[in-house]
Structures are given as structure tokens and as C-alpha cells.
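Each chain, letter by letter, is given below.
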Amino acid sequence: CHLLTLRASDSMPPPIDLTATIGGRKVTPALPIVDGSSSPPNELKFNASLSSFISQNVPLESVEGIRTRERVLVKMGTLCREWVKSVAAKRGLSSDAVASAGGELFTSGSYRLGVHEPGADIDTIVVVPSICTKEDFFGSGYVPPDSMVQDDDDEDVNNEIRDPDSLAERIRRHPDVTNFIPVEGAAVPILTFDWEGINIDLLFARLNAPSVPANFDIDNDMVLSGVDSSTEKSLNGPRVTNLIAALVGGTEERYQTFLTVVRLVRKWAKARGLYSNKLGYWGGVNINIAVALVLQLYPNACPASLLRKFFLVFKSWRWPNPVMLTKPHDAELGLPVWNAFQAATMRQVAPMITPAYPAMNSTLSVSRQTLQILHEEFARGHNVVDKLYKDWQKGDVLDKEKVESGEMWKELFEPSDFFISYPHYLSMCIVGPSQSDAQSWAGFVVSRLRKLVSDQLGRSLPLKKIQLWPKEFSACVAERSALLTHAQRANSITYFIGFRVDTLRMRGSELDIERQLQNFSKFELSRFHPLTPGMDVLPKTFGVKELPKICFEDVYEGGKVAAMKRRRMLIEADPKRIEAKNKKKLAKLKKKMEAMKRKKEESKASEEKVEADLKEEVDGEAQESRKRKRDGDDANGEDVNLDAEKEEEEEAALLESALDKIQDSAGVVQHKTREEAEIDRQKLLAGELLHDEDVEVKAEQQDRKLTREEIEKEMLASSGLVIVSDDEATIVGGNKILPWRYGYKNASGVKKEEPDQKKEKEEQEESKPTPLITNRVAFKFKTKFDVVELDESGKVIDKGDDDFTPSLKWTGRKGGFEFKLGERGLGYYRTGKKVVIPSNMAYS
């Protein structure tokens with residue numbers, strides 16, 4: 001027995017340990033493993049098709065490109081350390097202190113993880129000791145000597161003289177650097193530039209320490225002791241990236257699976273218009289956390305299986321439950337840590353918590369509108385991948401060549417049909433007087449566009465759906481009548497917003513968005529400093545067919561013409577539209593069948609009338625012939641009988657011919673022979689052709705107990721009211737005589753009459769139409785209605801509402817006032833009074 005137990009335990013797979021030790025702290029996953037088994041052989045074969053697709057459509061950075069990036073980072077690190085030494089020497093430190101001042105350059109994001117994509121930027125952070133300040137980093141506040149002559153071919157970006165010994169100025173003057181843009185006033189100061197064609201984002205982090213040694217551990221929580229908020233946010237990037245890599249790096253195979261799925265999800269998000277954290281969608285960090293979470297739930301899944309699980313997990317995720325890789329911990333350094341029970345976090349729509357200390361919500365910009373779009377795309381992605389997997393299992397559904405080459409996966413990464421999905425669009429054209437001003441102004445406006453979509457338009461307008469397209473267009477689509485200079489039109493970018501109006505909530509025929517745009521300009525854009533003349537945002541509305549051609553050039557091969565054809569195809573393939581067309585066609589068919597049935601009944605009645613007239617005529621002629629036969633000569637009796645029989649046969653033949661013509665002209669679909677018609681006539685006379693179905697229905701109606709609705713319907717019908725269904729609504733009153741044309745009968749006022757008088761009275765009344773209402777009926781409503789009073793013009797008199805309870809705090813409403821949001825917040829304001837709604841007002 002012990003031997004059997006030992007063998008059974010040996011056959012069990014070893015437990016999967018996903019814990020990681022980083023920064024001197026042990027980190028464990030927040031959620032348990034859902035399925036730790038390895039992918040079965042059929043999923044591995046399915047994964048081979050995905051690998052073929054990746055090799056052809058998701059390229060990696062070339063070897064030369066990787067070497068270029070490494071060379072640029074080495075040069076940057078050397079330049080940063082030389083700058084730190086120069087600052088230390090300027091402070092008057094000793095040679096030993098200058099040499100040990102240090103300074104390190106760290107990377108974060110996709111480059112740190114190893115997701116090498118061609119053309120991707122590199123997120124870097126320079127960590128410096130306390131002797132270096134932000135002014136030393138940017139070179140701001142520098143006053144040059146009077147004798148110093150400015151002879152520089154390059155124009156300073158902000159028209160400001162910077163310290164030539166600052167790191168910003170050293171980088172700007174480097175011969176391999178172009179497109180240099182400093183952003184000193186942001187919450188996280190940053191330098192953006194291109195070094196040998198590679199885009200670099202450089203952040204600044206100042207530690208509360210005299211030096212930064214070469215063995216500096218950035219993952220240790222104590223490095224955050226005594227730092228300011230901007231340094232905290234700058235250090236959060238590499239610390240989060242390192243912790244994600246540690247949580248998914250148990251084995252080399254698992255880490256490669258993670259990188260593969262991250263590259264696929266990034267490609268999918270960019271194609272579907274979901275890749276932009278500042279515009280309310282998911283960014284690179286969010287995708288890394290999301291894929292790492294799915295890998296924690298399914299640690300041994302292959303890339304194809306993990307991709308399918310990714311869409312399944314986030315399609316079914318119960319927002320606003322937070323997505324977290326590990327539970328937040330507090331290092332007790334005084335920094336705020338995300339907590340689900342705080343009042344501020346309860347209003348967050350789709351929180352995704354960073355794993356490093358201090359834990360914070362990395363999807364704070366996601367709103368209800370963008371979450372709706374994300375969920376729709378998750379559901380679409382799962383449907384596509386799941387259908388591919390099921391069709392692949394069947395074997396004979398998919399084309400073998402597409403399976404082997406991986407082309408079957410292209411459906412998942414098809415570009416979004418954003419520009420043909422909405423009937424209305426709003427363009428926001430951002431213009432500036434010069435290239436440098438336009439770049440800084442556009443960066444500020446773009447960071448606020450999500451507030452326009454979510455806070456202004458999405459909340460206050462009757463819209464079914466609204467979506468901001470996260471990709472910019474380097475073109476000016478403003479009105480031609482706009483007074484713009486050539487420089488403004490040249491230095492402009494445009495973003496598009498698509499929306500669909502909710503007609504049930506619409507008041508009037510036009511949608512006015514002027515007030516929302518004014519509030520956006522007044523409360524958001526006015527915060528930019530310095531706001532120079534020429535900086536502006538020009539909105540313009542479009543119909544789907546009025547959009548400029550630049551919206552379709554990179555998406556559809558045939559441009560706008562192909563896009564409109566695809567739009568028509570999608571509209572015709574819409575299930576709701578197909579259902580509506582089928583209902584309309586069915587109603588038309590029912591109407592046509594009723595007309596055919598009515599025509600058939602009319603023709604049958606006319607046929608019976610003609611048959612009766614012919615029969616009466618034949619009977620009359622037969623009587624006359626018999627009379628002539630009796631009055632004739634007996635000697636010629638035999639000849640007369642022969643003539644009469646011959647005449648009767650001819651008349652019978654004429655009658656049958658006439659009946660045949662009547663039958664043919666009646667529009668009967670099935671033609672009957674004379675023998676069949678005679679058999680039917682005999683059955684009809686014998687009572688065998690009665691409609692059995694009508695008899696059964698009448699019997700069932702007599703035996704069945706009527707429902708309450710049917711009893712009420714009969715009561716209303718007996719009182720003279722016409723009860724019709726929705727299908728019969730077009731003929732209401734068509735077959736009724738209006739009651740006021742013939743008056744009413746009062747049942748209580750009718751006197752008792754003698755039988756003879758009653759019979760005469762009935763004969764007289766036969767020629768008159770039957771009155772519609774014969775008695776009085778009292779109506780009792782089951783629903784309690786509010787009684788209102790109307791003034792002379794027919795408008796409702798406002799007397800207030802004691803039952804009005806918009807919240808627990810506010811109860812009741814007086815006449816002439818309405819409850820809304822205004823200058824004083826939520827409260828009562830006079831009806832019709834215009835109020836100003838501040839954009840930063842919290843909705844409760």
C-alpha cells in the first residue's frame with residue numbers, strides 16, 4: 001500500500017511556484033492558478049499556424065537595429081555620468097566625491113522586457129544624486145554673461161537661453177540628435193528626441209542620496225525614501241517593468257510565451273484603435289500587466305491557447321473589480337497606496353493596479369465610454385479566435401494553405417471600421433503658429449481630449465455611443481472660411497470623434513454641442529501656459545459620407561469608394577436590419593394573402609349566384625316544354641318526345657359548359673373536372689364538406705375558461721368599442737359605423753311591447769344599422785395616475801412634487817424649480833435659468 005502511494009505521488013506533476021524575490025522582498029500572485037496543465041497536442045498543432053503568422057506579420061527588430069539601440073544607450077549613459085560629474089564639480093565637491101557621484105541610466109517598458117518592435121521608442125530614466133536638480137537637468141533660469149555672444153545656427157525650441165552645461169543642452173547639441181522637445185512643466189518632466197533615428201523619452205529622477213553607485217538596486221523600496229512626486233512617478237516605470245518580468249520569468253519557455261502574446265496583443269490593439277493610455281484606452285504597461293495576469297492563471301499554456309484565454313478572461317472580467325498581479329503592500333514611507341475602500345477609488349471604472357510600491361491605478365484615464373469599446377473588442381476577439389480553433393478542430397472547414405501559412409489569423413488583426421461605423425463625426429483640428437508651439441500645444445490638448453469625450457459630450461448629450469480615434473492625422477480639415485495663416489495650416493494635427501445619437505432621448509431635431517465645446521475651452525484649454533496667439537482648436541462636424549479621403553487611405557485599398565462599399569455590405573449584413581426586413585416582408589405577404597382570400601370569397605359568392613340564376617332559367621324552360629308537350633298533338637307524340645330529350649341534353653351540356661367557365665374565371669388554383677365537382681357538390685349537400693377546424697375551434701372556445709384579458713375584451717366589445725391588435729391598426733374603424741350618426745339605445749328606457757307590435761318594430765329596424773353602444777360601462781384603471789392642471793395655452797401648471805427624491809439628501813421639489821448641476825453644485829435652480837457647469841465638478 002505504501003508502495004502504491006509512493007508511485008502515485010511520483011506520477012503527479014510538481015506544483016507550480018510563481019513567487020518571485022525582487023528588491024529584497026518575496027512577491028506572490030494575487031490570484032490562484034486556474035489551469036496549470038500543459039497544452040494538449042492539438043493546441044500545439046494549432047499554435048504552429050500562429051507561429052507562421054507571427055514570422056510573416058509581426059516582425060522583430062533586425063540585428064543591426066538592436067545593435068544601434070544598444071550603441072545609443074551606451075552613449076547616453078556616458079553622457080549622463082559626465083554631466084553628473086560636472087554638476088558635482090560645480091558644487092565644489094572633492095575629487096573623490098565627484099568620482100563617486102555616479103548616475104545611472106535605466107530602461108523600462110517594451111524595450112526592457114525584450115519586445116523588440118521596429119520603430120518602437122525607448123523609455124529611459126536617468127537616476128542622479130541629490131546634488132543634481134531639475135534646473136541642472138533642463139538648464140532653465142540661466143543668465144548668460146553680457147560678453148557672451150549667441151552665434152548658433154539652431155533655433156532654441158522655447159526661445160529661451162539654457163545653460164550650456166545642462167544635460168538638456170548637451171543632448172540637443174549632439175550631432176546625432178534631432179526633433180528635440182523639452183517638457184519641463186509636466187507632472188513628470190521629460191525630454192523627447194531622436195538619436196540616430198531612434199525616438200527616446202528621457203525622464204529625470206533625483207534621489208535623496210549623495211551618490212548613485214553602479215550596483216544601485218532600483219527595485220528596493222527604500223530608494224523612494226524622501227523623494228518628490230515627480231521622481232516617484234519616474235522610478236515607477238522601471239520598477240513595475242522589472243517586477244512584471246520577475247513574475248512571468250519562472251522558466252525560459254514561459255517568458256517567451258509571455259513576450260509572444262504581448263507582441264500579438266499590442267498589434268491587435270493598434271489595429272483596432274485601442275492603444276493609447278492618455279486617450280482613455282490601454283497603453284503598453286496595461287497590456288503587459290493584463291497578459292502577465294492571464295499567464296499567472298494559465299502558466300503552462302502555449303501562445304495560441306494563452307491568446308484565446310486572454311480574450312476570454314477580459315471578456316468575462318467583472319469590472320470594476322481591480323486587475324492586480326500581486327496584492328498591494330505598504331512600505332511605510334508615507335506614499336499613497338491604492339486601496340479599494342477609499343472614496344476616490346470607488347469611482348474608477350476599470351482599475352489596473354501596478355505591482356510595485358506604491359501601488360497605483362495605471363488605467364485612471366479609462367472611462368465608461370472607452371470601457372464599452374474595450375469590452376466589445378474583447379468579445380469580438382474571443383469570437384474570432386474561438387471560431388478559428390473550432391473550425392481548425394473540424395479539419396475540413398478551413399483552407400489548408402491558410403492554416404499552414406497562418407493567413408487565417410488575419411481576421412483577428414483586421415483594421416477597425418471606425419470611419420464607417422458611425423453616422424456622425426466631430427473633428428478637432430489643433431493648430432499652432434510655429435512647429436515648436438504646435439507640438440507643445442498639441443501635446444497639452446491631446447492629454448485633455450478624453451475629458452471632452454467622457455465628461456462633456458458623453459455625460460450631457462443623448463448619445464448611444466461615442467468613440468475617440470487615438471490616431472492623429474497630420475492635416476488641417478478646418479473650414480475653408482476659418483481665418484488661419486499658412487503656418488497654422490502647416491503646423492496642425494487632427495483627431496476624429498465618432499458618435500451615434502439616441503433618438504429616444506433626443507429633444508428636437510438638432511444636437512447642439514456648442515455649450516460643451518465652450519466649457520472644454522474655458523475650463524481645460526485655458527490652463528495651458530504660455531498661451532500664445534495662433535494656438536487654437538477648431539471643431540467641425542461631418543457625416544459619414546462627408547469625411548475627407550485621408551481617413552480611408554491607410555485602411556482600405558480602394559480608399560473612400562471601397563470604404564463606402566464595405567459600409568453598405570455591413571449594413572445589409574446587420575442581423576437587426578435583416579430581421580426588420582423579414583418582418584416587413586412577412587407583413588406584406590400576409591396582407592397579400594388576405595387580399596387573395598377576400599377575392600376568392602367574393603368570386604365564390606358570384607359563382608353561386610350565377611349558378612342559381614342558370615338553374616332557375618333551366619327549370620322555367622323545362623316547365624314550358626312540358627306544358628307545350630301536354631297541349632300538342634298525340635299523333636306526333638313520339639317525335640316530340642325525341643325532340644324534347646334531345647333539347648334537354650343540349651341544355652344540360654350548355655349548363656355544364658357555363659359552370660366550367662364560371663369555375664375557370666373564379667381564380668381557383670386547382671382545376672376540378674366535372675366528375676370531381678359533382679362529387680364535391682354531393683358531399684356538400686350531405687354535410688360532409690363542413691370545415692371541421694372551425695367546429696373544433698368553436699368547441700374549444702366553449703369548453704375553455706376565458707382569461708381575465710379575454711373577459712375584459714368581451715366587455716369592451718359588448719359596449720361598442722373596437723379592440724384590435726397592432727397588425728390590424730391600419731383598418732381601425734374601417735368596417736364600423738360611427739355611433740353618433742344613429743344615436744343610442746337606452747336599455748332602461750325601452751317599454752315592453754306586444755308580440756305583434758314587437759314583430760313590426762323589428763321589421764322596421766332591419767333596414768337601419770345596428771347601434772354600436774347599447775349600455776353604459778364604467779372604466780376603472782388599475783394604474784394610479786397623477787392628475788395635472790393645464791393653463792389656457794394647454795401647458796402643465798407646475799405645482800411641485802413632494803415625492804421627488806433625487807438622492808437621500810434632497811427630498812421634495814417646489815413649483816418653479818428644477819434639480820440640476822450648477823455653480824453651487826447639485827441643487828435646486830429656477831426653471832429655465834441658465835447655469836454654468838464647471839468641468840471639474842464631481843458628480844455624486
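Computed from a prediction, not measured in an experiment: that's the story for all the values here.

(A) View of the overall build of the protein chain. Regarding its fold elements, the protein chain presents 23 helices and 15 strands. A buried classification covers 37% of the 844 residues belonging to the protein chain. A separation of at least 24 residues holds for 66% of the contacts in the protein chain among residues at least 6 apart in sequence.

(B) View of empty space enclosed by the protein. Inspection of every chain in the model, using the stated rule, returns six cavities of 30 Å³ or more. Considered as a void within the structure, the largest cavity measures approximately 90 Å³ in volume. Here the lining of the largest cavity is built from residues that sort into four nonpolar, one polar and four charged.

(C) Here's a closer look at the sheet that holds strand β13 (residues 536-543). What the four strands build is an open sheet, ordered β11-β12-β10-β13; its pairing is antiparallel. Strands with a single pairing partner mark the edges of an open sheet, and in this sheet they are β11 (463-468) and β13. Across the sheet, the axes of successive neighbouring strands diverge by a mean angle of 20°, strand direction being ignored. Sheet topology note: the strand β10 (residues 424-431)/β13 ladder contains eight bridges and is antiparallel.

(D) Fine view of the side chain of Glu-169. With respect to the helices, strands and loops of the structure, Glu-169 is situated in helix α7 (residues 167-172). Note on Glu-169: relative accessible area 2%, which makes it buried.

(E) Spatial organisation of the packing of helix α9 (residues 252-271) against helix α11 (residues 303-315). Interhelical geometry of α9 versus α11 gives an angle of 50° and a closest axis separation of 9 Å. Taken as axis vectors, α9 and α11 run oblique relative to one another. Note on packing geometry: the crossing formed by α9 with α11 is right-handed. Residues Thr-257, Thr-260, Val-261, Leu-264, Val-265 and Trp-268 of α9 touch α11, and the partners they reach there are Pro-303, Leu-306, Leu-307, Phe-310 and Phe-311.

(F) Summary view of the environment of Phe-204. Tracing the sequence through the fold places Phe-204 in strand β7 (residues 198-206). By relative accessible area, Phe-204 is classed as buried at 6%. Residues Phe-204 and Thr-133 lie 71 residues apart in sequence; the distance between their C-alpha atoms is 9.3 Å. If sequence neighbours within four positions are ignored, Phe-204 has contacts with Trp-83, Val-126, Val-128, Cys-132, Thr-133, Lys-134, Phe-137, Pro-189, Thr-231 and Ser-234.

(G) Representation of the packing of helix α2 (residues 41-57) against α9 in the model. Packing of α2 against α9 leaves a shortest axis separation of 12 Å and a crossing angle of 65°. Two packed elements cross with a definite hand, and for α2 against α9 that hand is left-handed. Across the interface between the two elements, Leu-50, Phe-53, Ile-54 and Asn-57 of α2 pack against Thr-260, Arg-263, Leu-264 and Lys-267 of α9. For the contact of α2 with α9, the residue count by class is four nonpolar, two polar and two charged.

(H) Geometry of a nonpolar patch on the surface. Together, Leu-586, Leu-589, Met-593 and Met-596 make up a nonpolar patch on the protein surface, roughly 400 Å² of accessible area in all. Tracing the sequence through the fold places Met-596 in helix α18 (residues 575-631).

(I) Geometry of the side chain of Glu-377. By the secondary structure assignment, Glu-377 is in helix α12 (residues 368-394). Setting aside anything within four residues of it in sequence, one finds Glu-377 in contact with Trp-268, Arg-272 and Leu-274.

(J) Spatial organisation of the pattern of salt bridges. All chains considered together, the criterion is met by 26 salt bridges. We note a salt bridge from Glu-169 to Arg-173, for which the minimum N-O separation is 3.0 Å. Across the salt bridge formed by Arg-566 and Asp-417, the nearest N and O atoms sit 2.9 Å from each other. On the criterion of sequence distance, the pair formed by Arg-566 in helix α17 (residues 559-572) and Asp-417 in the loop between α13 (400-405) and β10 is long-range, its members being 149 residues apart. Residue Arg-566 is classed as partly exposed on the basis of its relative accessible area, which comes to 26%. By relative accessible area, which is 13% here, Asp-417 ends up buried. If you follow the salt bridges from partner to partner, you end up with Glu-43, Arg-308, Asp-386 and Lys-390 in one network.

(K) View of a negative patch on the surface. The grouping of Asp-399, Glu-401, Glu-404 and Glu-407 at the surface amounts to a negative patch. Inspection of the secondary structure assignment puts Asp-399 in the loop between α12 and α13. With a relative accessible area of 39%, Asp-399 lands in the partly exposed category.

(L) Structural context of the environment of Val-27. Structurally, Val-27 can be placed in strand β2 (residues 25-27). You can call Val-27 buried: its relative accessible area is 0%. Sequence separation between Val-27 and Leu-247 is 220 residues; the distance between their C-alpha atoms is 8.0 Å. Not counting the four nearest positions on each side in its chain, Val-27 is found in contact with Thr-19, Ala-20, Ile-22, Leu-243, Leu-247 and Thr-326.

(M) Quick peek at the pairing of strand β5 (residues 177-183). Note: β5 against strand β6 (residues 190-195), five bridges, orientation antiparallel. Among the inter-strand pairings, Val-183 is bridged to a residue of β6, identified as Ile-190. Hairpin connection of β5 to β6: six residues between the antiparallel strands.

(N) Structural context of the nonpolar core. Ranked by internal contacts, the top residues of the largest apolar core, which has 99 residues, are Phe-258, Trp-282, Phe-310, Phe-314 and Trp-409. Once residues lying within four places of it in the same chain are set aside, the contact partners of Phe-314 are Trp-282, Ala-290, Leu-293, Val-294, Trp-319, Val-323, His-375 and Phe-378. Formed by 32 residues, the second largest nonpolar core is a distinct cluster that contains Cys-80, Val-98, Ala-168 and Phe-180.

(O) Structural context of the confidence of the model for the protein chain. In this model, the protein chain carries an average pLDDT of 79, and 74% of its residues clear a pLDDT of 70 or more. At the level of individual helices and strands, the protein chain shows its lowest average pLDDT in helix α1 (residues 2-11), which scores 38, and its highest in strand β9 (residues 352-353), which scores 96. Scored below 50 in pLDDT, residues 149-158 shows 12 contacts in the model against residues more than four places distant or in partner chains. Segment residues 633-641: pLDDT under 50, and two contacts once partners within four positions in sequence are set aside and those in other chains are kept.

(P) Spotlight on the pairing of β6. Of all six residues in β6, five are buried; the element is thus mostly enclosed. Two strands pair when backbone bridges link them, and β6 and β7 are joined in this way by six bridges, in the antiparallel orientation. Bridge pairing in β7 places Leu-191 opposite Leu-202. Once β6 ends, the chain turns through two residues before running back antiparallel as β7, passing Glu-196 with a positive phi of about 55°.

(Q) Representation of the packing of aromatic side chains within the structure. Following the criterion strictly, the structure yields 39 aromatic pairs and no others. Residues Phe-418 and Trp-469 carry aromatic rings whose centres are separated by 5.0 Å and whose planes lie at 15° to one another, so their mutual orientation is stacked. In this pair, Phe-418 is assigned in the loop between α13 and β10 and Trp-469 in the loop between β11 and α15 (486-490), connecting sequence segments 51 residues apart. Looking at Phe-418, the relative accessible area reads 1%, which means it is buried. Residue Trp-469 is classed as buried on the basis of its relative accessible area of 5%. Put simply, the rings of Phe-418, Phe-419, Tyr-422, Tyr-425, Trp-469, Phe-473, Phe-496, Phe-542, Phe-552 and Tyr-556 touch in pairs and so form one group of aromatic residues. Its guanidinium or amino end placed over the ring of Tyr-275, Lys-270 lies 5.1 Å from that ring's centre, counting from NZ or CZ. Directly above the aromatic system of Tyr-389 lies the positively charged group of Arg-308, at a separation of 4.3 Å from the ring centroid.

The rules behind the values
Residues numbered from 1 in each chain as written. Predicted model: local features only at pLDDT ≥ 70, side-chain atom pairs only at ≥ 80, totals over all residues. Heavy atoms only, no water. Helix = DSSP H or I, 4+ residues; strand = E, 2+ residues; numbered from the N terminus. Buried < 20%, exposed > 50% of the residue type's maximum accessible area, 1.4 Å probe, protein only. Contact = heavy atoms within 4.5 Å. 1 Å grid on protein atoms, 1.4 Å probe; cavity = no way out; pocket = protein on both sides within 12 Å on 5 of 7 lines; lining within 4 Å. Points joined across faces, edges and corners; volume = space filled by probe spheres on them. Nonpolar A, V, L, I, M, F, W, Y, C, P; charged D, E, K, R; others polar. Pairing = 2+ DSSP bridges. Axes fitted to C-alpha atoms, helices over the stretch in contact; angles between N-to-C directions. Parallel < 35°, antiparallel > 145°, perpendicular 65-115°, else oblique. Left-handed = near helix turned anticlockwise from the far one by under 90°. Patch = residues over 30% accessible without salt bridge, like charges linked within 9 Å, V, L, I, M, F, W, Y side chains within 5 Å. Areas by Shrake-Rupley, 256 points an atom, 1.4 Å probe, with all protein chains shown as cover. Salt bridge = Lys/Arg side-chain N within 4 Å of Asp/Glu carboxyl O. Lys, Arg positive; Asp, Glu negative; His and termini not counted. Charge placed at Lys NZ, Arg CZ, Asp CG, Glu CD. Core = buried A, V, L, I, M, F, W, Y, C linked by side-chain atoms within 4.5 Å. pLDDT = per-residue confidence, 0-100. Phe/Tyr/Trp six-rings, centres within 6.5 Å; stacked < 30°, edge-to-face > 60°. Lys NZ or Arg CZ within 6 Å of the ring centre and 35° of its normal.

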